[in-house]
Amino acid sequence: MASSNSYKLRCSIPGHEMDVRGLAAAVFPEGAFVSVSRDRTGRVWVPNSSPDKGFTEMQCMSGHSNFVSCVCVVAPSETHPRGLVATGGNDNNICVFTMDQPQPLFTLKGHKNTVCSLSSGKFGTLLSGSWDTTAKVWLNEKCMMTLQDHTAAVWAVVILPEQGLMLSGSADKTIKLWKAGRCEKTFTGHEDCVRGLAVISNTEFFSCSNDTSIRRWLVTGECVQVYYSHTNYIYSLAVFPNNQDFVSTGEDRTLRIWRKGECSQTIRLPAQSVWCCCILPNGDIAVGSSDGILRVFTEAEDRMAGAEDLQAFEDELSKSTIDSKTGDFGDIKMEDLPGREHLDEPGNRDGQTRLIKDGQKVEAYQWSASDDRWVKIGDVVGGSNEQTSKNVMYEGKEYDYVFTIDVNEGGPSMKLPYNVSEDPWLTAHNFLQKNDLSPMFLDQVANFIIENTKGDVVGPAQPAGGDPLTGGARYIPGSSDNRPGFGADPFTGSGRYIPGSGSHPSGPAGVPDPFTGGGAYSSAALRQTATNIYFPKTDGVTFEQANPSLIIAKLKELNGAAPHEHKLAEEILESLERLLVCVCESGSSDPPPTIQQINLLWKASHLPEDIVFPVLDIMRLAVRHPQVNETLCGEAEGVQLCNHLLSLMRPEGRPANQMLALRTLCNCFIGRHGRALLMAQRETVLSRAADLATVCNKNIHIALATLVLNYAGCLHSQPDLEAKAQCLSVASRALETVQDKEAVFRLLVALGTTVASDQTAQDLARSLGVNSQITKYTSVSDPSKVGECCQLVLKELQ
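Keep in mind that this is a model prediction, so the values were computed, not measured. (Residues numbered from 1 in each chain as written. Predicted model: local features only at pLDDT ≥ 70, side-chain atom pairs only at ≥ 80, totals over all residues. Heavy atoms only, no water.)

1. Quick look at the overall build of the chain
The condition is simple: Each helix is a run of H or I in the DSSP string that is no shorter than four residues. Each strand is a run of E no shorter than two, and both are numbered from the N terminus. Only protein chains enter the calculation, and the probe is 1.4 Å; a residue is then buried if its accessible area is under 20% of its type maximum, exposed if over 50%, and partly exposed in between. Only the protein chains shown count as covering a residue, and every accessible area follows the Shrake-Rupley method with a 1.4 Å probe.
Of the regular secondary structure elements, the chain holds 18 helices and 38 strands. A total of 798 residues make up the chain; the buried ones form 58% of that total. A total accessible area of about 32700 Å² is found for the chain, and carbon and sulfur atoms account for 48% of it.

The structure is reproduced here in structure tokens:
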């Protein structure tokens, strides 16, 4: 009898017509799991009570128009108490199913290439990875964020238990840690494609790679252990409930069980590629492979297959053919191999392989520690005694075949080189990409290769033998406050002018404006305990304060010391002064700004960065005027204005210019044209602005927080969830570094405005970990508005 810690076959399930590419344990029914395949289906398997201890197909799910590549189970919710099943496919889509319906509940579209990895998190969050080099965050049938930093296919994704943390592994050999949509850390160490990721705990995870290694990482960046045992690509990992032991599968035909950091058992399968594995709640292991068969292994003796089935599995394994090149046996010289007597000597460890000569055949055996014997795992072909190369030259390289392909009638023919050791699907994929042909031809070209090389394919020809990217060949692929007049000039010292320190004109009497301490900013009369006076805030917050005489004095002072080629003419200075007076004195009898004045302001804003800030301050005040707002933010000039301000906001720029550029953008929201411009440029503007959270300057932080708040206000009544997701992401990231209480307050109001009355935005905020991030502000009493607003945001997120 096998020892209790040794896995044996429980059952084989011929459930699919083609490769099984993904597996996931289901929440319901108990003990069930889901498989997906290249046959374009997903299937739910439920344990049955028959003597063969097998599984019965409960549901066949179809919805993809091409291969299904991956699957994950979404945890139960009030709406779906049995959970959901999400599948990703080569049709670039994600289909989401209930457990009892064969057709998708809904389909998620957005990726531009195969969806090859899925992971689910709290509150229904879904994370997907794709060959299009991106990962996407989905919630409530919408794409919330696109994670873009990899340079090649994203093969693996996983959501960590720590809310808001996500991991992605790529063919660019890196792993990236994401928080609130931003890449926080890049892990390097693997020497080839990262193919799988598995969570150990809040702080640790595993990765596996085509480089044949498994690595254990801390989320802080350190690789704490590297595991070697596989002899070819490793495709998948699954971790046991003890969060220490794990299993892995790969291109070397094996399932390997790892205990206490060592490979304790190796199970060979009669299939070239063991694509996927998952661990069932009872500790059994399900694996899927390129022969379309699901196999379940168990260490519970009462669930092990009977002697007849175990022998049938061993016989099937012994009849396999193993290519010496992919079997990691090196160049085999038959005359040097020992005979069958070599098997009389016991092996040294479980999984050890030994080659023997039997007449004109080379046989491979593996040592089974649990059975204390050598088990035949197949016949080896492709050694130095066999001639396979036909030595056809193409572009300076030797190939077994060079086919001529005619795709378009009358068009030029194309050459397709192929070696029998390569995977036909990979070759077809690369051929289509190289010649800019539609992926629709993938099946046609691959089947053409298979049909025309049948006599030379090593082992039984698989209808879809390998992964189109990695099968048989490697894929290389200022200080200011909220009160009027408070603060010091952050870039010229005391006694000088304060460039827009963020005050509002006083409003009507009533509830104090939490942004200025002045008059009321809402229609609420007197403040009641249960009244939320903070959000949603849908009217823009602007930076109003100015001292025109000091601004002009500073401009003239800098202009006088400027080099001749940058000196402004006297008439230009006078024009800018008239414009400034005009936009600052609303009751003035002066005529409105002229086009000439606005054009001169635009021209002057391109002065050298060390002397331009007074001009930016004039622009900050001027864009509030309807005429200036329309001229500078209109369709023709608006993008140029945006790009110019963003160039001043680059992280290595001058803090004064960064702050004034941010404040100018905030003030643009006051006009219809400015709002339209900034909403159209939202993604670029918020991305650049978010980078300034790391600049240690509270005035910049307040301006950044105000910009996020103004965006949140504009988006409050709109159903643009991706835009709201960016606001949540930028606010969440900024709160990690911002210390100033006024900036924190404005970010809290931005969060509150974004999630108010929007269930999906609330779910996304929870999944990003906003609750735990802001809880520390509930006790802030100076100023009291920070603690009060924080408590109201948390109430929204309950």
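2. Section: the packing of aromatic side chains
Basically, it comes down to this: Aromatic rings from Phe, Tyr and Trp, taking only the six-membered ring of Trp, are treated as a pair when their centres fall within 6.5 Å; an angle between ring planes under 30 degrees marks them as stacked, one over 60 as edge-to-face, and anything in between as tilted.
Going through the model one piece at a time under the given rule, you end up with 18 aromatic pairs. Judged by centre distance (6.4 Å) and plane angle (15°), the ring pair of F205 and W217 falls under stacked. A residue pair is termed long-range when its members are at least 10 positions apart, and F205 in strand 19 (residues 204-209) and W217 in strand 20 (residues 213-218) qualify at twelve residues. Overall, the relative accessible area of 0% leaves F205 in the buried class. Note on W217: relative accessible area 2%, which makes it buried.

3. A look at the nonpolar core
Note the threshold: Definition used in this section: a nonpolar core is a set of buried Ala, Val, Leu, Ile, Met, Phe, Trp, Tyr and Cys residues joined via side-chain atoms within 4.5 Å. Here, two residues are considered to be in contact whenever any of their heavy atoms come within 4.5 Å of each other.
Grouped together as the largest cluster of nonpolar side chains are 120 residues, with contacts concentrated most on L601, L662, L707, L748, L751, I774 and Y777. Top contributing element to this core by residue count: helix 13 (residues 698-715), with twelve residues. Not counting residues within four places of it along the chain, the set of residues in contact with L707 comprises L662, L665, C666, F669, V685 and A689. In terms of nonpolar packing, the next biggest core, distinct from the first, is built from 19 residues, I405, M414, W425 and I450 among them.

4. Looking at the pattern of salt bridges
Here is the rule we go by: Salt bridge, as applied in this entry: a Lys or Arg side-chain nitrogen positioned within 4 Å of an Asp or Glu carboxyl oxygen.
Summed over the entire model, instances satisfying the criterion amount to 34 salt bridges. The residue R43 makes a salt bridge to E57 at a minimum N-O spacing of 3.0 Å. Here E57 lies in strand 5 (residues 55-62) and R43 lies in strand 4 (residues 41-47), a separation of 14 residues in the sequence. Using a relative accessible area of 12% as the deciding quantity, one classes R43 as buried. Via salt bridges that share partners, R340, D358, K361, E363, K376 and D379 belong to a single interconnected network.

5. Comments concerning the sheet that holds strand 8 (residues 94-98)
Put simply, the rule reads: DSSP bridges decide pairing: two strands pair if at least two such bridges lie between them. Here an axis means a line fitted to C-alpha atoms, over the contact stretch when the element is a helix, while the angle between two N-to-C directions is reported on a 0 to 180 degree scale.
Pairing in this open sheet of four strands is antiparallel, and the strands run 6-7-8-9 from one edge to the other. Pairing within the sheet leaves two strands with one partner each, and these edge strands are strand 6 (68-74) and strand 9 (106-108). Each adjacent strand pair in this sheet contributes to an overall mean axis angle of 25°, direction not counted. Pairing of strand 8 with strand 9, which is carried by three bridges, proceeds in the antiparallel orientation. Bridging from a neighbouring strand, C95 pairs with T107 of strand 9.

6. Here's the deal with the side chain of Q726
The residue Q726 is located in helix 14 (residues 721-735) in this model. By relative accessible area, Q726 is classed as buried at 12%. Those residues in contact with Q726 that lie beyond four places of it in its chain are R682, E683, L686 and S687.

7. What about helix 13?
Applicable threshold: To estimate how far a helix should reach, multiply one less than its number of residues by 1.5 Å. Polar contact is defined as a pair of N or O atoms within 3.5 Å, subject to the rule that within protein one atom must be able to donate a hydrogen and the other to accept it, and that residues adjacent in sequence are counted only when both atoms are side-chain atoms.
With 18 residues, helix 13 ought to run about 26 Å at 1.5 Å a step, and its terminal C-alpha atoms sit 26 Å apart, in line with that. Sitting at the head of helix 13, N697 places a side-chain oxygen 2.9 Å from the backbone nitrogen of N699.

8. Re the pairing of strand 1 (residues 8-13)
With respect to burial, strand 1 is a largely interior element, five of its six residues being buried. In this structure, strand 1 lies alongside strand 28 (residues 294-298), joined through five bridges in antiparallel fashion. Within strand 28, the position partnered with C11 by the bridge is V296.

9. Describing the confidence of the model for the chain
Inclusion rule: Note on scores: pLDDT gives the predictor's confidence for each residue, bounded by 0 and 100.
Across the chain, pLDDT averages 85, with 85% of residues at or above 70. The low-confidence segment residues 455-510 (pLDDT under 50) makes 172 contacts with residues lying over four places distant or belonging to another chain. Note that pLDDT drops below 50 for residues 519-529; the model gives that stretch 28 contacts with residues more than four away or on any other chain.

10. Let's talk about the sheet that holds strand 20
The strand order across the open sheet formed by four strands is 18-19-20-21, and the pairing between neighbours is antiparallel. What marks the edges here is a single partner per strand, and that holds for strand 18 (194-199) and strand 21 (223-228). Sheet twist, expressed as the average angle between the axes of neighbouring strands with direction ignored, equals 20°. One ladder, built from five bridges, connects strand 18 with strand 19; its direction is antiparallel. Within strand 19, the position partnered with V199 by the bridge is F205.

11. Here we look at the environment of L127
As for its placement among the helices and strands, L127 is situated in strand 11 (residues 126-130). The buried category is assigned to L127, whose relative accessible area is 1%. Separated by 19 residues in sequence, L127 and T146 have C-alpha atoms that sit 9.7 Å apart. In this structure, L127 is in contact with S117, L118, S119, A135, K136, V137, L147, V157, V158, I159, M166 and L167, ignoring residues within four places of it in sequence.

12. Here we look at the pairing of strand 3 (residues 33-37)
Side chains on a regular strand alternate between the two faces of the sheet. Buried residues dominate strand 3, accounting for five of its five residues. Inspection of the sheet shows strand 2 (residues 20-25) paired to strand 3 by five bridges, in the antiparallel sense. Counted as the bridge partner of A25 is F33 from strand 3. Relative to strand 4, strand 3 runs antiparallel, the two being bridged by four bridges. Within the sheet, the bridge partner assigned to V36 lies in strand 4 and is G42. The turn linking strand 3 back onto strand 4 is made up of three residues, and R40 within it adopts a positive phi angle of 75°.

13. Thoughts on the side chain of S767
Its location among the elements puts S767 in helix 16 (residues 759-767). A polar contact is formed between the side chain of S767 and the side chain of T125, at a distance of 3.4 Å. In this structure the side chain of S767 is engaged in a polar contact, spanning 2.7 Å, whose partner is the backbone oxygen of L764. Other than its neighbours up to four places away in sequence, S767 contacts K122, F123, T125, Q163 and G164.

14. Examining the packing of helix 5 (residues 570-584) against helix 7 (residues 613-622)
Quick reminder of the rule: Note on convention: near helix rotated counterclockwise from far helix by under a right angle means a left-handed crossing. Clockwise means right-handed.
Across the interface, helix 5 lies against helix 7 with an axial gap of 9 Å and an inter-helix angle of 35°. Between helix 5 and helix 7 lies a crossing whose hand is left-handed. Counting all contacts with helix 5, which are made through L576, L580, V583 and C584, the residues of helix 7 involved are I618, L621 and A622.

15. Some remarks on unusual backbone geometry
Cis geometry marks the peptide bond from F535 to P536; its omega dihedral reads 5°. Within the element layout of this structure, P536 appears in the loop between strand 38 (487-488) and helix 4 (548-561). In this structure, the amide linkage connecting D782 to the following residue, P783, adopts the cis form with an omega of 0°. Secondary-structure assignment places P783 in the loop between helix 17 (770-774) and helix 18 (784-796). We note that T212 has phi near 75°; this positive angle belongs to a residue other than glycine. Counting through the fold element by element, T212 comes out in the loop between strand 19 and strand 20.

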